[in-house]
Amino acid sequence: MAISRRLLLAMLPAALAGCVGGATTRYSGPTVTKVEVHKGRRKMYLLNGRDILRAYDIQLGFTAAGPKQFEGDGKTPEGRFIIDRRNPNSAFYLSLGINYPRPHEVAFAQSQGRDPGGDIFIHGWGNKRRPRSADWTAGCIAVTNAEMREIYMMVQDGTIIDIVA
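All residue numbers here refer to positions counted from 1 along the written sequence of the relevant chain. Under the rules for a predicted model, residues below a pLDDT of 70 receive no local features and side-chain atom pairs below 80 are neither given nor counted, while totals for whole chains, interfaces and linings still include all residues. With hydrogens and water stripped out, all remaining heavy atoms of the structure feed into the side-chain values.

## Concerning the pairing of strand β5 (residues 95–98)
Where we set the bar: For every residue, the accessible area (1.4 Å probe, protein chains only) is compared with the maximum for its type, and the residue is labelled buried under 20%, exposed over 50%, or partly exposed between those bounds. The secondary structure listing takes helices from DSSP runs of H or I that are at least 4 residues long and strands from runs of E that are at least 2 residues long, numbered from the N terminus. Strand pairing follows a simple DSSP-based rule, namely that at least 2 bridges must link the two strands.
In β5, alternate side chains face the same way, and those of Ser 95 and Gly 97 on one face and Leu 96 and Ile 98 on the other are all buried. As paired elements, strand β4 (residues 79–87) and β5 share four bridges and run antiparallel to each other. In the sheet register, Ile 83 faces β5, and the bridge partner there is Ile 98. One ladder, built from four bridges, connects β5 with strand β6 (residues 120–123); its direction is antiparallel. When the sheet's bridge partners are listed, Ser 95 is paired in β6 with His 123.

Right under this line is the structure:
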């Protein structure tokens, strides 16, 4: 019994170390210092300084052109944001939160008598098969589940994300 218990305790840290939404590996490469999203190109890049570590095809909000202003407009925000949270239990597999709306976005929406919306994430596709060519989110940035697993491991909270037209 003592040998089995010691063996189990020795294996536990290794078993738990990489468990993230089904992911079983850890990222040990260069630090991701910035995420860049180019809405018009439907591309997202993970950067270390000026070096591109990874590039992904992305899907955006269902009316992606222009910056997000209001709840339900189907647009993906534009500007400089921060990855500020992570959700390993996302309905869309895994997700990384973006700190939208910022105070000036809230003030603008309120000046128009509207809600700025929120809950903007980089996330996976969830349980549905989706065509690569169609934008479908409510304003988020979507990638395949396999890509999201990699992004989730590579990008840390506090990382800058620039979203440009």
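So that's the structure; there's more coming.
## What to know about the nonpolar core
Cut-off, in case you're wondering: Definition used in this section: a nonpolar core is a set of buried Ala, Val, Leu, Ile, Met, Phe, Trp, Tyr and Cys residues joined via side-chain atoms within 4.5 Å. The contact criterion used is simple: two residues touch if any of their non-hydrogen atoms lie within 4.5 Å.
Membership of the largest hydrophobic core comes to 28 residues, with the highest contact counts inside it found for Met 44, Ile 98, Ile 122, Ile 141, Met 148, Ile 151 and Ile 161. At the level of elements, β1 (34–38), β2 (43–48), β3 (51–57), β4, β5, β6, α3 (145–154) and β8 (160–164) are the ones that each hand at least two residues to this core. If one sorts the elements of this core by residue count, α3 sits on top with four residues. Setting aside residues up to four positions removed in sequence, Ile 122 forms contacts with Met 44, Ile 83, Leu 94, Ser 95, Leu 96, Ile 98, Ile 141, Met 148 and Ile 161.

## Topic: the sheet that holds β8
In plain terms, the rule: Fitted lines through C-alpha atoms give the axes, limited to the stretch in contact for helices. The angle between two N-to-C directions lies from 0 to 180 degrees.
Reading across the sheet, the eight strands line up as β3-β2-β1-β8-β4-β5-β6-β7 and stay open at both edges, with mixed pairing between neighbours. Single-partner strands in this sheet number two, and they are β3 and β7 (141–142). This element, α3, spans β2, β3, β4, β5 and β6 of the sheet and lies at about 145 degrees to β3.

## Notes on the pattern of salt bridges
This is how the line gets drawn: Each salt bridge in this description consists of a side-chain nitrogen of Lys or Arg and a carboxyl oxygen of Asp or Glu lying within 4 Å of one another.
Under the definition given, this model contains 13 salt bridges. Across the pair Asp 135 and Arg 42 runs a salt bridge whose closest N-O atoms are separated by 2.6 Å. Of the two residues, Asp 135 sits in the loop between β6 and β7 while Arg 42 sits in the loop between β1 and β2, which places them 93 residues apart along the sequence. Of the charged contacts in the structure, one is a salt bridge between Arg 86 and Asp 157, with a shortest N-O distance of 3.2 Å. Residue Arg 86 is located in strand β4, and its partner Asp 157 is located in the loop between α3 and β8; the two are separated by 71 residues in the primary sequence. For Arg 86, a relative accessible area of 28% puts it in the partly exposed group.

## Here's the deal with the side chain of Ser 95
The topology assignment puts Ser 95 in strand β5. By relative accessible area, which is 2% here, Ser 95 ends up buried. When sequence neighbours within four positions are dropped, the list of residues in contact with Ser 95 reads Arg 85, Arg 86, Asn 87, Ser 90, Phe 121, Ile 122, His 123, Met 148 and Tyr 152.

## Details of the packing of aromatic side chains
For clarity, the cut-off: In summary, the pairing rule links any two rings of Phe, Tyr or Trp, Trp by its six-membered ring, whose centres are within 6.5 Å, and it sorts them by plane angle into stacked for under 30 degrees, edge-to-face for over 60 and tilted for everything else. Two conditions define a charge sitting above a ring: the NZ of Lys or the CZ of Arg must be within 6 Å of the ring centre, and it must be within 35 degrees of the ring normal.
In the structure shown here, the tally under the stated rule is three aromatic pairs. Relative to Trp 136, the ring of Phe 92 has its centre 5.6 Å away and its plane inclined at 50 degrees; by these criteria the two rings are tilted. With Phe 92 in the loop between β4 and β5 and Trp 136 in the loop between β6 and β7, the pair connects residues that are 44 residues apart, well separated along the chain. We classify Phe 92 as partly exposed; its relative accessible area is 30%. A cation over an aromatic ring shows up here: Arg 114 above the ring of Phe 70, its NZ or CZ 4.1 Å from the ring centre. A cation over an aromatic ring shows up here: Arg 130 above the ring of Trp 136, its NZ or CZ 3.4 Å from the ring centre.

## Brief notes about the environment of Gly 139
Its location among the elements puts Gly 139 in the loop between β6 and β7. You can call Gly 139 buried: its relative accessible area is 0%. Taking C-alpha positions, Gly 139 is 7.3 Å from Ala 64, a pair spaced 75 residues apart along the chain. Residues in contact with Gly 139, not counting those within four places in the same chain, are Gly 61, Lys 75, Thr 76, Pro 77 and Ile 120.

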